[in-house]
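Here's the letter readout for the chains.
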Amino acid sequence: MEKAIEVKGLKKAFKGKEVLKGVDLEVKRGEIFALLGSNGAGKTTMVRILATLLKLDGGHAAVNGFDVASKPEQVRHAISLTGQFAAVDEVLTGRENLIMIAKLRHLAQPRQVADDLLKRFGLTDAADRKPSTYSGGMRRRLDIALSLVGKPKIIFLDEPTTGLDPEARIEVWKIVKELADGGTTVFLTTQYLEEAEQLADRIAILHEGRIIAGGTLAELKKRFPQAKVEYVEKQPTLEEIFLAIIGKKEAI
Ligand SMILES: Nc1ncnc2c1ncn2[C@@H]1O[C@H](COP(=O)(O)OP(=O)(O)OP(=O)(O)O)[C@@H](O)[C@H]1O
Ligand SMILES: [Mg+2]
């Protein structure tokens, strides 16, 4: 069976400035894949290309077996995207937001779909209020719920927990894990090393336009020697590995 996402030699420049200089990556079906990178590394650009919102300049990318450049309709059919900034409509209530998307996706029972998602995301009590009255965590949950309308096979989450407090972040992590347990492929971007460490089956580090390291957390850790401090073995954290890889700090 083909991979959920396959990217080869992907290039993208904005006004002559190369942001992606030949990115290669593969995401297996049903896994949680984390794309790590600093501000401006090109994570959102990568997600927007894979979600067919932006054209690539070179290389290839296939999502759910379809080429993003030549088969964007088929790609869109299989995916959903939760962007870096919340996409909820402020005039509608939480429930109405969900019903609207269900109708746009031509689902048979939009109200039922909305009710099920509200329940699953613990938003039933807040369903008839406008999102402007929600906490950051609730808005994020609504945002993710909106992207699950129609049961997409592959979901893109661009910095799903940026700006959330630790408790709300853990709630989102739980949701992401449940999605993957249910067979959904999750492609997430994050600047939080701990998030990748907690969630991802595999991690890729995007730096200066290329994937400079990738693999499972265990594989990444193996690339760095264990440090020993007074008889106590210290495993490098992903943060230390990340900083060492991008050359901001001596490898420990
Ligand atoms: N539409 C655009 N026009 C011009 N430059 C752009 C455009 N979109 C992105 N860029 C530039 O491309 C680079 C990568 O941006 P991108 O938003 O993909 O980074 P990011 O990794 O998502 O960063 P962040 O962590 O801050 O969200 C940045 O230098 C940005 O200024
Ligand atoms: Mg971004």
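All of these numbers come straight from a predicted model, not from anything done at the bench.

## Concerning the packing of aromatic side chains
- Across all of its chains, the model carries two aromatic pairs by this definition.
- The interplanar angle of 50 degrees and the centroid separation of 5.4 Å between the aromatic rings of Phe156 and Phe187 together place this pair among those described as tilted. Taken together, the positions of Phe156 in strand S7 (residues 154-158) and Phe187 in strand S8 (residues 185-190) put the pair 31 residues apart, joining distant regions of the chain.
- Of the residues examined, Phe156 reaches a relative accessible area of 0% and is grouped as buried.
- Accessibility expressed as a relative area gives 0% for Phe187, which makes it buried.
- Feature note: the residues Phe33, Phe156 and Phe187 constitute an aromatic cluster, connected by ring pairs.
- The ring of Tyr192 is capped by Arg169, whose NZ or CZ atom sits 4.0 Å from the centre of that ring.

## Quick notes on the pairing of S8
- For S8, the tally of buried residues reaches six of six residues, placing the bulk of the element in the interior.
- Across five bridges, the pairing between strand S3 (residues 32-36) and S8 is parallel. Counted as the bridge partner of Phe33 is Phe187 from S8.
- Taken together, the five bridges between S7 and S8 define a ladder with parallel strand orientation. The residue of S8 that forms the bridge with Ile154 is Thr185.
- The β-α-β motif built from S7, the intervening helix H6 (residues 166-181) and the parallel element S8 has right-handed crossover chirality.

## Section: the nonpolar core
- Counting residues in hydrophobic clusters, the biggest one holds 48 residues, and the most contacted among them are Leu98, Ile203 and Leu238.
- Here the element with the most residues in this core is H6; it accounts for seven residues.
- Setting aside its immediate chain neighbours within four residues, Leu238 contacts Leu36, Leu193, Ala196, Glu197, Ile203, Leu217 and Leu220.
- By size, the runner-up hydrophobic cluster in this structure holds 28 residues, among which are Leu20, Phe33, Ile79 and Phe156.

Conventions and cut-offs
- Residues numbered from 1 in each chain as written.
- Chains lettered and ligands numbered in written order.
- Predicted model: local features only at pLDDT ≥ 70, side-chain atom pairs only at ≥ 80, totals over all residues.
- Heavy atoms only, no water.
- Phe/Tyr/Trp six-rings, centres within 6.5 Å; stacked < 30°, edge-to-face > 60°.
- Helix = DSSP H or I, 4+ residues; strand = E, 2+ residues; numbered from the N terminus.
- Buried < 20%, exposed > 50% of the residue type's maximum accessible area, 1.4 Å probe, protein only.
- Lys NZ or Arg CZ within 6 Å of the ring centre and 35° of its normal.
- Pairing = 2+ DSSP bridges.
- Right-handed = clockwise from strand over helix to strand, strands pointing away.
- Core = buried A, V, L, I, M, F, W, Y, C linked by side-chain atoms within 4.5 Å.
- Contact = heavy atoms within 4.5 Å.

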